[in-house]
Amino acid sequence: MNEPAADARPKAKAASMTSDAEASLARFAAQKLEALGADKLLRQLRPTQRGGDASAARDGAALISFCDNDYLGLSQHPDVKSAAARAALEYGAGAGASRLVTGDCPLYARLERDLAQMKGCEAALVFGSGYLANISTVPVLAGRGDAVFLDERAHACMFAGAQLSGAAVETFAHNDVDDLRRRLASSNGARKLVLTETVFSMDGDCAPLGDIAAACAQANAWLMTDDAHGFGVVELDNQAHVQMGTLSKAAGAYGGYVCGPRALIELLVNRARGLIYTTGLPPPVLAAAIEALRIMRTQPELAARAMSNARLFSARIGASAPESAIVPLIVGSAEAALAASQTLEAEGFLVTAIRPPTVASGTARLRFSFSAAHMPDDVARLGDAVARRVQAEASS
Ligand SMILES: *Cc1c(COP(=O)(O)O)cnc(C)c1O
């Protein structure tokens, strides 16, 4: 990096500002970081340049990425990139203010119409991200006196939404409909809301949506699903009342959405804090999502290719057939997961270790995600490297 110009350097602080409070803040952070490091749980941002064909350049090495959620390769698709570039020139780089204040960019109406149609719902609402969609929607549906039931492996932002809502929060055992039924029956929540993922982000398995919907119907509970990893890849039969998802994964862009009855969508426009008090998405992002959804609808072979790559890999490592484009390999300790990730990186594969608290303690893993952009030959080489270097070492 170049030296900053002399006048751009931060001014030396006045002695009075290096107070005890500042020193104790630095000490507090350093101690927390040290504890994380001792547990092999420290996380670091690594400069990495993504490119076409799932390439990722890092530290001068050319890697193939098997850890992003760009399942159809659309973040690098030439038509998606030019749609974004054109929108930047036509509408500008940023939104200027929140959708309600500055007026709604015309691209939203088109995107929301497409989403509602693809999901078979009356209406859709696009948020700044999937995280914002979840933390903003759950508190509109439930509050004090109500009860929210989450699958224990649901995403952190569903838990955050449930906690923000002020409702009583219960978790049910992963994909265990009997446990859910028992909890719904013994709850005295005024309204009951059940939250689950369609395709689980760290395990790649699917929720038994039909049985969960039946349990909800029996208990007069609402069902909200998070389709972050299903959308565009694995389309399950989903009767959930509220269908949330993201434009940041298979759609290759950014943003979250909620689809449901029109009245609910209008209520969210009036009540969802993560829509009202945050700036709208940049127009290039909206245009990219619109184009990505068009490709998703017209080229189903992309999803088929991602799935066939996942199947090829699973067969190669002797794992059972995958239910989605995500294949986990649980190695146990955070340290073992880091070591396995480093081994694969040395062979040219980028597969980040997934550690607690993202997954439960003792279940640190490599999470392989497959894309239409992967070449089957590379997938087979990865499978062989995992069998030879990771599985062989784990069992020795
Ligand atoms: C990634 C993810 C989100 C958050 O979506 P963003 O658009 O990245 O904010 C929500 N839920 C699940 C299950 C996810 O995997």
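Since the model is a prediction, treat every value here as computed from it, not as a measurement.

Here is what the cut-offs are and how they apply
- Residues numbered from 1 in each chain as written.
- Predicted model: local features only at pLDDT ≥ 70, side-chain atom pairs only at ≥ 80, totals over all residues.
- Heavy atoms only, no water.
- Helix = DSSP H or I, 4+ residues; strand = E, 2+ residues; numbered from the N terminus.
- Rg over C-alpha atoms; globule rule 2.2 N^0.38 Å.
- Buried < 20%, exposed > 50% of the residue type's maximum accessible area, 1.4 Å probe, protein only.
- Areas by Shrake-Rupley, 256 points an atom, 1.4 Å probe, with all protein chains shown as cover.
- Lys, Arg positive; Asp, Glu negative; His and termini not counted.
- Charge placed at Lys NZ, Arg CZ, Asp CG, Glu CD.
- Pairing = 2+ DSSP bridges.
- Phe/Tyr/Trp six-rings, centres within 6.5 Å; stacked < 30°, edge-to-face > 60°.
- Lys NZ or Arg CZ within 6 Å of the ring centre and 35° of its normal.
- Axes fitted to C-alpha atoms, helices over the stretch in contact; angles between N-to-C directions.
- Contact = heavy atoms within 4.5 Å.
- Domains from an automatic or database assignment.
- Buried area = accessible area lost by both parts, 1.4 Å probe.
- Salt bridge = Lys/Arg side-chain N within 4 Å of Asp/Glu carboxyl O.
- Polar contact = N/O pair within 3.5 Å; in protein donor to acceptor, adjacent residues only side chain to side chain.

Trainee: Could you clarify how one ought to interpret the overall build of the protein chain in this entry?
Mentor: Counting its secondary structure elements, the protein chain contains 14 helices and 14 strands. For 396 residues, the compact-globule formula gives about 21 Å, and the C-alpha radius of gyration of the protein chain, at 23 Å, lands near that figure. Dimensions of the protein chain, computed from the C-alpha atoms along their principal axes, are close to 60 × 55 × 50 Å. Within the protein chain, buried positions represent 50% of all 396 residues. Surface summary for the protein chain: the accessible area is close to 19200 Å², and the carbon and sulfur share equals 53%. Of the side chains in the protein chain, 38 bear a positive and 42 a negative charge, and the two mean positions are spaced by 3 Å.

Trainee: Looking at this structure, how should I read the pairing of strand β3 (residues 61–65)?
Mentor: Two faces, one strand: in a regular strand the side chains alternate between the faces of the sheet. As judged from the four bridges shared by strand β2 (residues 55–58) and β3, these two strands associate in the antiparallel manner. Along β3, the bridge assignment pairs Ala-57 with Ala-62. Between β2 and β3, which follow one another and run antiparallel, lie two residues, and Asp-59 among them has a positive phi close to 50°. Of the strand pairs in this sheet, β3 and strand β12 (residues 349–350) are connected by two bridges, and their pairing is parallel. Following the sheet pairing, Ile-64 is matched in β12 by Phe-349.

Trainee: What exactly am I supposed to notice about the packing of aromatic side chains here?
Mentor: A ring pair, where both rings are aromatic, is described by two values, the distance of the centres and the angle of the planes. Tallied over the full model, the rule gives five aromatic pairs. Lying over the aromatic face of Tyr-108, Arg-99 brings its terminal NZ or CZ to 3.5 Å of the ring centre.

Trainee: Any chance you could explain the sheet that holds β12 here in plain terms?
Mentor: Strands belonging to one sheet form pairs held by backbone hydrogen bonds; the direction of such a pair is parallel or antiparallel. Read across the open sheet, the four strands follow the order β1-β2-β3-β12; overall the sheet is mixed. At either margin of the open sheet sits one strand with a lone partner, and together these are β1 (49–50) and β12.

Trainee: Sorry, what's going on with the sheet that holds strand β8 (residues 222–226) here?
Mentor: If you walk across this open sheet you meet the seven strands as β4-β10-β9-β8-β7-β5-β6, and the pairing is mixed. In this open sheet, the two edge strands, each paired with only one partner strand, are β4 (123–127) and β6 (168–172). Neighbouring strand axes in the sheet, compared pairwise and without regard to direction, differ in orientation by 20° on average. Against the sheet, helix α5 (residues 130–141) contacts β4, β7 (192–197), β8, β9 (242–246) and β10 (256–260), and its axis sits at roughly 160° relative to β9. Each of β5 (147–151), β6 and β7 touches helix α7 (residues 177–186); the most contacted strand, β6, lies at about 155° to it.

Trainee: Before we go on, may I ask you to explain the domain arrangement of the protein chain in this structure?
Mentor: Where interface size is given, it is often the accessible area lost as the parts come together that is meant. Segmenting the protein chain into domains produces domain 1 (49–75 + 300–395) and domain 2 (95–281). Opposite the 18 residues of domain 1 that make contact, domain 2 presents 16 residues. Carbon and sulfur atoms make up 61% of the surface buried where domain 1 meets domain 2, a total of about 1400 Å² over both sides. Summed over the shared surface of domain 1 and domain 2, the number is one salt bridge. Put simply, Asp-203 and Arg-365 hold a salt bridge, and the shortest N to O gap is 3.1 Å. At the boundary of domain 1 and domain 2, one finds seven residue pairs in polar contact (both at pLDDT 80 or more). Those elements that place two or more of their residues in the side of domain 1 that touches domain 2 are α12 (301–316), β11 (326–332) and β14 (364–369).

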